[in-house]
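Report on the structure
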Amino acid sequence: MRKTFFAGLLAVVATNAMAADGGTLRGGVCIGSFQGADSLMSCEHLGRVTIRQIYEKGFRVVHMQNDKNTATYVMLVIEEQKR
């Protein structure tokens, strides 16, 4: 699990990009128990939110990885959408 988390964290660094206007986009990691779009996830920059709220707050999911031991526990890599 620890290796998976660090791999996701590295993916966040890799997915952060410069917006067309020169502003830096934010990225982060969300973790939690996945049980559909209304599942609460703990996210950097956003706190505890649902997947719907991630999009409503201007972010998008760029990667999703589940824990192979428990199919319900997931890690999401999120990235701020271009303005």
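Up top is the structure these notes are about.
Predicted model, so just to flag it, every value in this text is computed and none were measured.

Turning our eyes to something else, we now look at the sheet that holds strand β1 (residues 27-33). Pairing is antiparallel in the open sheet, where five strands are placed in the order β3-β2-β1-β5-β4. Of all the strands in the sheet, the pair left with one neighbour each is β3 (47-49) and β4 (59-66). If you compare each strand with its neighbour and ignore which way they point, the axes differ by 30° on average. With three bridges joining them, strand β2 (residues 41-43) and β3 adopt antiparallel strand pairing. Each residue of the ladder has a partner; that of S42, found in β3, is R48.

Scanning the entire structure with this criterion turns up three salt bridges. A salt bridge links E80 to R26; the shortest N-O distance between them is 3.6 Å. Here the residue E80 occupies a position in strand β5 (residues 73-80), and R26 occupies one in the loop between α1 (2-15) and β1, the gap between them amounting to 54 residues. Exposure remark for E80: the relative accessible area of 11% places this residue in the buried category. The closest approach of N and O atoms between E79 and R60, which form a salt bridge, is 2.6 Å. Highlighted residues: E79 in strand β5 and R60 in strand β4, separated in sequence by 19 residues. A residue is classified by how much of its surface remains accessible, and E79, at 8% relative accessible area, is buried.

With that out of the way, let us pick up the environment of Q35. With respect to the helices, strands and loops of the structure, Q35 is situated in the loop between β1 and β2. Measuring from C-alpha to C-alpha, the distance between Q35 and T72 comes to 6.6 Å, with 37 residues separating the pair along the chain.

With that out of the way, let us pick up unusual backbone geometry. At H45, a residue that is not glycine, the phi angle is positive and equals roughly 75°. By the element assignment, H45 lies in the loop between β2 and β3.

Conventions and cut-offs
Residues numbered from 1 in each chain as written. Predicted model: local features only at pLDDT ≥ 70, side-chain atom pairs only at ≥ 80, totals over all residues. Heavy atoms only, no water. Pairing = 2+ DSSP bridges. Helix = DSSP H or I, 4+ residues; strand = E, 2+ residues; numbered from the N terminus. Axes fitted to C-alpha atoms, helices over the stretch in contact; angles between N-to-C directions. Salt bridge = Lys/Arg side-chain N within 4 Å of Asp/Glu carboxyl O. Buried < 20%, exposed > 50% of the residue type's maximum accessible area, 1.4 Å probe, protein only.

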